[in-house]
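Remarks on the overall topology
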There are 2 protein chains.
Amino acid sequence: MIRIGILGYGNLGKGVECAIAQNDDMELVAVFSRRDPASVKIMTPGVTVYGIDALKDMKDEVDVLVICGGSATDLPVQTPEYASMYNVVDSFDTHARISEHFANVDAAAKKAGKIGVISCGWDPGMFSLNRLYANSILPNGSDYTFWGKGVSQGHSDAVRRIDGVKDCRQYTIPVEAAVDAVRSGSNPELTTRQKHTRECFVVAEEGADLARIESEIKNMPNYFADYDTTVHFITEEEMKANHSGLPHGGMVIRTGKTGTDLEHTHVIEYKLTLDSNPEFTGSVLVACARAAYRMNKEGMSGCKTMFDIAPAYLSAQSGEELRAHLL
Amino acid sequence: MIRIGILGYGNLGKGVECAIAQNDDMELVAVFSRRDPASVKIMTPGVTVYGIDALKDMKDEVDVLVICGGSATDLPVQTPEYASMYNVVDSFDTHARISEHFANVDAAAKKAGKIGVISCGWDPGMFSLNRLYANSILPNGSDYTFWGKGVSQGHSDAVRRIDGVKDCRQYTIPVEAAVDAVRSGSNPELTTRQKHTRECFVVAEEGADLARIESEIKNMPNYFADYDTTVHFITEEEMKANHSGLPHGGMVIRTGKTGTDLEHTHVIEYKLTLDSNPEFTGSVLVACARAAYRMNKEGMSGCKTMFDIAPAYLSAQSGEELRAHLL
C-alpha cells in the first residue's frame, strides 16, 4: 500500500481524498491543515487531521505528500520545503514561474533523495502531455487550446472583488465556429475574442448599480476586456440551484501536414468534459503520486513533470497486464 | 544527428522517409529492401538502397533501424533478429502475440545492449497510451474505441481474395448514435454491429456474378458477418479517382465517475482524423526512434513499448524548452 498524505483540505484536497478511495493500492494516512485540526471534518473514517507542524515528524508514515495549496503563494514555498522531507506532488499552474519552481523543487528533492512532481492536473498536465505528443509526431503543424465550457475560478473571484457584487460564477465558453475552423485543418489565425466568450452569473447586493457592475466587468483588463462577455444578474437562490458545481474541460487540437508535398492533413484532438474540475485534477494528482512513489523506489530523485514520467508508472497494473489489456 | 535506417520500403517505409525529412535532428542514411536494390527508387537524394544482407555490416553507420514489415510474418522474425545489432522500432500490431514478441525482442536487445521499441503507431500506440492515461486517472469507468472513418487494408485484402473481384477499398465507419451515447456518459453496452458499419467499393471482373460477390462479402465470418455492410460496385476509373488515398482515424473514449457518491461524470476523448494512415504511423515511428536513441545513450536496453517511454524522450526539444513552451 502506498501511504498518501494530503496537505490542504479545500476543493482540491477533497478531490484527492475521493480519488484515493478508488485506488486499491493506496491509502490516505493523514490530512494536514493550516486551520485548527479540530475544525476540519474529512470524509475518510479513521484518518487523523494534523496541524501543519506535524509534517516535520511524520516522514516514516507518509510515502507521498500531495500538496493542494494555491499556485500564487502556497506552492512556491510549500513544495520545495516538503520535497526536502517527502516525495511530493503539486498542481502548480503559474506558467510564467514554472522554470523557477522546477529549479527550487529539483534542488530540494535531489538533496533529500526524493521525487517532486510539479504541475500535475489537466492544464498544465494532460493538456501539456497531449501538446507534447502531438508536436513530437507532427513537427509541421499548429497548436490550439480551447477551455470550457466551464467555471473559471480566477475570473469568478475577480468579479466578486467588484463593489456591489455578492457572488459570481464565470463560465468560459469556446466559440464553436473557431473550433470547427481548427478541426477542418484550415490552420486559422485566431484572436483571443474569436476563440472564447465569457458568461457571468452575478448576485448583486440590494440597491447596487447594476449598469456600473456590468460595465466594470466587461471592461476589466486582462480578465474580460479582450472578450465578448455576457452578464446575467440572478438571485442567490438561482445561484445555489443552477451554478453550484465546478464543471470544466476543453480541448487541445494539433493540425499538421505530412507527405512529399505536405499534401496530407492530420488532426489530433484531445477533449475533456468534466463534471468536477477539482475531483478530476485530484484524480490526476493521485496517479502522479503513484508514479512518484515508484520512481523513488527505483532510486530516482529530483523534480519531474508529467513529461518525465513513463506512462506505465501512473497505472496500478503491471507492465505485463498493461501490454495484455491496454496496448 | 540521429542516423536512421529503414528496413522495408512499402507505404509505411515511405511514410517514415517523409517524417525523417521533417525532423532536423535526424537523417536517413540507408534503406534496406528484400527486393533487388536497383529496382527500388526512393525520394531522398543521395541515400543508397541496400539488400537486406548489408545489415550485418552497417552497425556503425545506423543509430536506429525502423522496421517497416508486416506483423503476420515479417516482424516476429525481423525485430528480434535486428535488435541483436541495432536499436530498433516496429509497429507490431497482432494484439494476441504481443507478449511473445515482447519477450523475444527483450532477450535479443538486452543481450546486445540495445533498445527495441515495439507496437508503435496509433493503435497500438497513441490509442494505447490514451487508454492507459485515462484508466490511470479514472479507475472507475469504461473504455470505448471506435475506428474510422477510414480504409481497413486487412478488410480490403479479404474482399480482393473473392473470386471475380479485381479491386476493393473497404471503409470502417463508426456509428454516430453509438459515439453520441458514449459521449453522454451513459455507459452503454454496445455490440459489434452497434459500433461500426462497413462500406465496400468493389471493382468486379467483367461478367462476374455481382449478387454472389455481394453475398460472399456480407457473410464472410470475422470480417463482415457481424456488421451491417454496404457494397457498391464501381469502375476502375472511379476507384482510382475517388478511393486512392489511405485515410483513417478513430477515437478512444473513457467515461468515469468520481465523488463521494460517484455523482460526477467525466469524459476523456482522444480523436485522430488522418489523411494518410501510413504517413501518420511513420511519423510516430520516427518520434519513437528518437526516444530509442536517447534512452540507449543513457544506458538503457531491452524491449519497450510507448508505455515505457517518458514523453520528453519523443521530442527534439530540451526539458527546459518543453517546460517553457508546452507545459
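First things first, this report covers the structure right here in the doc.

1. Concerning unusual backbone geometry
Residues and elements named next belong to chain A.
- Cis geometry marks the peptide bond from Gly148 to Lys149, where omega comes out at 0°.
- Mapped onto the secondary structure, Lys149 falls in the loop between β7 (141-147) and β8 (150-151).
- Although it is not a glycine, Ser119 adopts a positive phi angle of roughly 60°.
- Position of Ser119 relative to the elements: it lies in the loop between β6 (115-117) and α4 (126-137).
- The residue Asn222 is not glycine, and still its phi comes out positive at about 65°.
- For Asn222, the location among the structural elements is in the loop between α8 (210-218) and β11 (228-233).

2. Some points on the interface of chain B and chain A
- At the interface, 63 residues of chain B touch 63 residues of chain A.
- Summed over both partners, the interface of chain B with chain A buries about 5500 Å², with 64% contributed by carbon and sulfur atoms.
- For the pair chain B and chain A, the number of links is zero salt bridges.
- Where chain B meets chain A, there are 23 residue pairs in polar contact (both at pLDDT 80 or more).
- Contributions of two or more residues to the side of chain B that touches chain A are made by α3 (98-112), α4 (126-137), β12 (248-258), β13 (264-274), α10 (277-297) and α11 (319-325) of chain B.
- A per-element tally of the side of chain B that touches chain A places β13(B) first, with eleven residues.
- Among the residues making up the side of chain B that touches chain A, the classes are represented as 31 nonpolar, 20 polar and twelve charged.

3. Side note on the relation of the copies chain B and chain A
- Under the fitted operation, chain B is carried onto chain A by 0.0 Å of movement along the axis and a turn of 180°, and the coordinates agree to an RMSD of 0.0 Å. The symmetry that links the two subunits is that of a two-fold axis. Using C-alpha coordinates, one finds that chain B approaches the rotation axis most closely at Ala310(B), a distance of 1.9 Å.
- Same-surface contact between copies: 100% of interface residues of chain B are shared with the interface of chain A.

4. Some points on the sheet that holds strand β3 (residues 48-51) of chain A
All names here are of chain A.
- One open sheet accounts for seven strands, arranged β3-β2-β1-β4-β5-β6-β14; its pairing is parallel. Looking at the sheet topology across the chains shown, the edges are occupied by β3 and β14 (302-304). Looking at each pair of strands side by side, their axes are set apart by 25° on average, direction ignored.
- Sheet topology places strand β2 (residues 26-33) next to β3; four bridges connect them, and they run parallel. Within the sheet, the bridge partner assigned to Ser33 lies in β3 and is Gly51.
- Contacts from helix α10 (residues 277-297) reach β1 (2-7), β2, β4 (64-67), β5 (87-89), β6 and β14, with the element oriented near 155° to β5.

5. A short note on the sheet that holds strand β9 (residues 165-174) of chain A
Residues and elements named next belong to chain A.
- Read across the sheet, four strands follow the order β8-β9-β10-β11 without closing on themselves; strand pairing throughout is mixed. Strands at the two margins of the open sheet, each flanked by one partner only, are β8 and β11.
- Bridging between β9 and strand β10 (residues 196-204) involves nine bridges; their strand directions are antiparallel. In the sheet register, Thr172 faces β10, and the bridge partner there is Arg198.
- The strands touched by α8 within the sheet are β9, β10 and β11, with β11 carrying the most contacts at an inclination of about 150°.

6. Describing helix α1 (residues 11-21) of chain B
All names here are of chain B.
- Burial of α1 is extensive: eight of the eleven residues sit out of reach of the surface.
- Within α1, burial applies to Leu12, Gly13, Gly15, Val16, Glu17, Cys18, Ala19 and Ile20.
- Those residues of α1 that are buried lie in contact with β1 (2-7), β2 (26-33), β4 (64-67) and α10.

7. A few points about α4(A)
- For α4(A), spanning twelve residues, the distance from its first C-alpha to its last is 17 Å, which sits close to the expected 16 Å at 1.5 Å a residue.
- With twelve of twelve residues buried, α4(A) lies mostly within the body of the structure.

8. Concerning the pairing of β4(A)
All names here are of chain A.
- Side chains Val64 and Val66 of β4 all project onto a buried face; the interleaved residues Leu65 and Ile67 project onto the opposite face, where all are buried too.
- Of the strand pairs in this sheet, β1 and β4 are connected by four bridges, and their pairing is parallel. By the bridge assignment, Leu7 is partnered in β4 with Ile67.
- The sheet contact formed by β4 and β5 spans three bridges and is parallel. Within β5, the position partnered with Leu65 by the bridge is Val88.
- Running through helix α2 (residues 74-83), the crossover from β4 to the neighbouring parallel element β5 is right-handed.

Reading the values: the criteria
- Residues numbered from 1 in each chain as written.
- Chains lettered and ligands numbered in written order.
- Predicted model: local features only at pLDDT ≥ 70, side-chain atom pairs only at ≥ 80, totals over all residues.
- Heavy atoms only, no water.
- Helix = DSSP H or I, 4+ residues; strand = E, 2+ residues; numbered from the N terminus.
- Contact = heavy atoms within 4.5 Å.
- Buried area = accessible area lost by both parts, 1.4 Å probe.
- Salt bridge = Lys/Arg side-chain N within 4 Å of Asp/Glu carboxyl O.
- Polar contact = N/O pair within 3.5 Å; in protein donor to acceptor, adjacent residues only side chain to side chain.
- Nonpolar A, V, L, I, M, F, W, Y, C, P; charged D, E, K, R; others polar.
- Least-squares fit on C-alpha atoms with pLDDT ≥ 70 in both.
- Pairing = 2+ DSSP bridges.
- Axes fitted to C-alpha atoms, helices over the stretch in contact; angles between N-to-C directions.
- Buried < 20%, exposed > 50% of the residue type's maximum accessible area, 1.4 Å probe, protein only.
- Expected span 1.5 Å × (residues − 1).
- Right-handed = clockwise from strand over helix to strand, strands pointing away.

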